[in-house]
Amino acid sequence: MAERGQLPPPAKRLCCRPGYGSGCRPGQRAGGAGPGSGALCAGPSSAAAAAAALGLLPLGKTQSPESLLDIAARKVAEKWPFQRVEERFERIPEPVQRRIVYWSFPRSEREICMYSSFNTGAEDPAAAAPGGAATAPGGAADAAAAADENRLPFRRGIALLDGGCVDNVLQVGFHLSGTVTEPAMQSEPETVCNVAISFDRCKITSVTCSCGNKDIFYCAHVVALSLYRIRKPDQVKLHLPISETLFQMNRDQLQKFVQYLITVHHTEVLPTAQKLADEILSQNSEINQVHGAPDPTAGASIDDENCWHLDEEQVQEQVKLFLSQGGYHGSGKQLNLLFAKVREMLKMRDSNGARMLTLITEQFMADPRLSLWRQQGTAMTDKYRQLWDELDSSNRPHRTVFTRAIEACDLHWQDSHLQHIISSDLYTNYCYHDDTENLLFDSHGWPLWHEHVPTACARVDALRSHGYPREALRLAIAIVNTLRRQQQKQLEMFRAQKKELLHRGVTSITNLEGWVGHPLDPIGTLFSSLMEACRVDDESFHGFSDFTENMGQCKSLEYQHLPAHKFLEEGESYLTLAVEVALIGLGQQRIMPDGLYAQEKVCRNEEQLISKLQEIELDDTLVKIFRKQAVFLLEAGPYSGLGEVIHRESVPMHTFAKYLFTSLLPHDAELAYKTALRAMRLLVLESTAPSGDISRPHHIASVVPNRYPRWFTLSHIESQQCELASTMLTAAKGDVRRLETVLESIQKNIHSSSHIFKLAQDAFKIATLMDSLPDITLLKVSLELGLQVMRMTLSTLNWRRREMVRWLVTCATEVGVYALDSIMQNWFTLFTPTEATSIVATTVMSNSTIVRLHLDCHQQEKLAGSARTLALQCAMKDPQNCALSALTLCEKDHIAFETAYQIVLDAATTGMSYSQLFTIARYMEHRGYPMRAYKLATLAMTHLNLSYNQDTHPAINDVLWACALSHSLGKNELAAIIPLVVKSVKCATVLSDILRRCTLTTPGMVGLHGRRNSGKLMSLDKAPLRQLLDATIGAYINTTHSRLTHISPRHYSEFIEFLSKARETFLMAHDGHIQFTQFIDNLKQIYKGKKKLMMLVRERFG
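Residues numbered from 1 in each chain as written. Predicted model: local features only at pLDDT ≥ 70, side-chain atom pairs only at ≥ 80, totals over all residues. Heavy atoms only, no water.

Caption draft 1: Spatial organisation of the overall build of the protein. Looking only at helices and strands, one finds 47 helices and 10 strands in the protein. A burial count over the protein gives 48% of its 1102 residues as buried. For the protein, long-range pairs separated by at least 24 residues make up 73% of all intrachain contacts whose partners lie at least 6 apart in sequence. For the protein, the exposed area adds up to about 53,600 Å²; of that, 54% sits on carbon and sulfur atoms. (Helix = DSSP H or I, 4+ residues; strand = E, 2+ residues; numbered from the N terminus. Buried < 20%, exposed > 50% of the residue type's maximum accessible area, 1.4 Å probe, protein only. Contact = heavy atoms within 4.5 Å. Areas by Shrake-Rupley, 256 points an atom, 1.4 Å probe, with all protein chains shown as cover.)

Caption draft 2: Quick look at the packing of aromatic side chains. Applying the stated criterion across every chain, the model contains 18 aromatic pairs. Between the aromatic rings of Phe1066 and Phe1076, the centroid separation amounts to 5.4 Å while the plane-to-plane angle is 65 degrees, which identifies the pairing as edge-to-face. Here the residue Phe1066 occupies a position in helix H45 (residues 1052-1066), and Phe1076 occupies one in helix H46 (residues 1072-1086), the gap between them amounting to 10 residues. One exposure class covers both Phe1066 and Phe1076, and it is buried. Seen in terms of ring centroids, Phe1076 and Phe1101 are 5.5 Å apart; in terms of plane orientation they differ by 75 degrees. Their pairing is edge-to-face. Of this pair, Phe1076 sits in helix H46 while Phe1101 sits in helix H47 (residues 1091-1101); the two residues are 25 residues apart in sequence, bridging distant segments of the chain. (Phe/Tyr/Trp six-rings, centres within 6.5 Å; stacked < 30°, edge-to-face > 60°.)

Caption draft 3: Seen up close, helix H12 (residues 312-325). In this model H12 runs 20 Å from its N-terminal to its C-terminal C-alpha over 14 residues, within 8% of the 20 Å that 1.5 Å per residue would give. Along H12, the residues that are buried comprise Gln314, Val315, Gln318, Val319, Phe322 and Leu323. (Expected span 1.5 Å × (residues − 1).)

Caption draft 4: Representation of the nonpolar core in the model. Leu729, Phe831 and Leu936 are the most contacted members of the largest nonpolar core, which has 204 residues in total. In terms of residues, this core owes the most to one element, helix H22 (residues 574-587), which gives 10 residues. Ignoring any residue separated from it by four or fewer positions in sequence, one finds Leu729 in contact with Leu739, Val742, Ile746, Leu759, Ala763, Leu778, Val781 and Leu785. Counting residues in hydrophobic clusters, the runner-up holds 62 residues, among them Cys219, Ala220, Val315 and Met348. (Core = buried A, V, L, I, M, F, W, Y, C linked by side-chain atoms within 4.5 Å.)

Pasting the structure below:
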């Protein structure tokens, strides 16, 4: 707000004395204490009297009555510009001048706070007061909020004042100056700021500070100086305007004054002083054409506008910053705070409120992107919609903010009925006729106000915002009475058409423009107006209780049933009316609006309104209202979101119904469940809309390509539906009938597997609380929901599927052995074969399950039989993934085990891979079935194919194991597997490894059955090793040629080592030396172009 190095703005009016010309002011000061004299600001009475005059002491506790001079001076200082005072009175005694100047400074801290901090959103003025708090401290969030609040200029200004940082305070006429010392910080040295403030008629009209702060708000230094003047007026030296002091000087004194002033500030003012001197000495200069001279301390002229200083440039810059930030986090919050500041100013009847709103609007309209988007035909971003809610260049049938703004221009307040409503509590008419739609009065003779509801509520908001709370309250009551009468009429209308509508099973009767989530927030406005009346007494109902009385206090927001208003039923109060209108609005059937922002706003506003309702403690009177509205909403048909027939795209009632349920449950459980169960539906997710459903024209484009309309908040809505169901399940614990009803509703209405799974988990937790016995009915509900999840996700991909399966087995275990048996017998509808064998059956057969269920031998055997049957069925269906699990599960039953083994053999030739067969073969060997392991290994070898360069293939270990197994069984088994190895393996290093191992020991020497043979090693010249040796040599030859085709010099040394290993294999044959020599010679001839490589070959191999 302040600007570095700026001088105070020049005076707006000229001050002169008699004798200077006919245009001079006629008034002349009487008396005076001589040049330079001053006096403290305190009046003739004590400091306590001054404090009482300021309102710092309660009425009746002042130490002496105010003087007539002070009373008159205070009123003049509030209303009259000082020039008018001077022109009105020929002689103004100096004491009178002093009291007018004294009382012209603002006396309330409220405005200082308003211009130096954002409104925290609390309705209570104490929330913004020093030390005030809207809520009690509560954890880290409150601490963070308190830290943010302490950084506000107003709070920092108070801290500077309390810390004794304000000094050199001087008031000269209508100008206050002083210095404020900013204490040294860790990274900043101590700084002294020069502050100057001009004021007029109890308003600060300009501020400057040398701190250079750029902001909408007054800086902390301006706040500190202002509060010093308000709180310590007796410590501020007060002088009359400087022109008055100069008038009392003679020529010598004036010359001395000017020369001293130039001497003290010669570097700053000397050029200006010389320029002024030249102009004054020039007869024809402009300065000599006018009478008098400006005085920045002389107060306001008659023509000056009387308003608080507002840095309009900074307001514009803040809005520009918001627009430039686009959708970044936090920018919207800043702008919302600006709008809150506008409302705060309007409520204080401060003209800057309207000016600030105009500046914000002008910045938005000047944004070049608006015209660009219009040219491109694209909609605005959601960030812009936060301001111009549904602004769009297209011709959409529903009303945009601009539509509403244009309509607002045509609104007027001249309607005589409206004038009578807002101006009187006694406006009645008892001549009631119920034969017209828009009656002016109801059957009680109380006034009604029929107008488009959001527009009518906007009137209430306007009255409140501009500081007319009583008028706003009167109109709000008339609107609520109208809504209640309309609700009754709609109920009667539906009852007359009920049979036809229920037969059709569909309705197109609903409100396209819902009240909750509406840009004008009609229900929130009515609710706030009525709730404000609940906590404000009559004396302070002008809307502004004394700010200083609230300082340091914490007002709790306790709402009371105040005495009945003229237009309320017996026993009703503003509180009951507020609650009832909130319930009416929340229960209204309304179409889900288009667009992400509008849909999010519907959810957000609903939750905000419910949050406010939850602050109210329900008593018997309010419970009656809840009962009445719940019955209305259930019976009101298409006019209610809880009616029997609703539009497919109606806003769901889950969040509202959850609040109704929890509120009604202790008082009327039957009604609570009926309401919540009715709200569980989510028609937009039904696979097809009813045939008679009439969608809005602008929805057709979005519905045709998709199964559902574009509901951007659908995930949030589904989670709220889940929360409602969970709340009912919790409440229904121990009640079999209600649990069954809630279960049916969940199974019918919830379409998301993840949400049903959450409900199943919730029910399980509630049913198995540690401090009580398990609730078997709730456990069964949990199991049923879990089974539904299994069926829903069986054929779809779900990353939580494994977790779900494990949880279901845990739940079934808690239910009992029959539940486990049931899920195993019906596994094919719930699980994949892999899940059934690896998770379900394995867990069921574990020791922990047997111990948990305290099973006897008969029960264990029955459960094991079901598990084995499941395992065999799964192995038949998916042998690749289930065969091993089936064998494991069946190993204690000979027949079942043999059956599983046969399934493996049958599937081995077609459906199983070598890795699966090798795994099962190793399992067989481990279980003591070496011949079966050998059989499976040979089957696995037929599926394997290792090329020459796959010397790191993972199957190599399996091949070596299979050969070792065959070797251990005997010559015949080895002879049978070697042809398979030769056929499947082309990698020379692997073949040479197998060959070497086979020559180290005698076949069958370490047989698994302990049999021994003669101990004679197998000959490499005879089968089967001869075949393996030839294959290995051939593999080395082929690999060598393959590698030489694309070899690079950096691989030469590696290649030479490879040939060395090849030579070792060649030499195992009786003519191996000759073969290897021929092989090398061939290489030299074929690859003689690779001279360097061949030279290395000669060096190593000759």
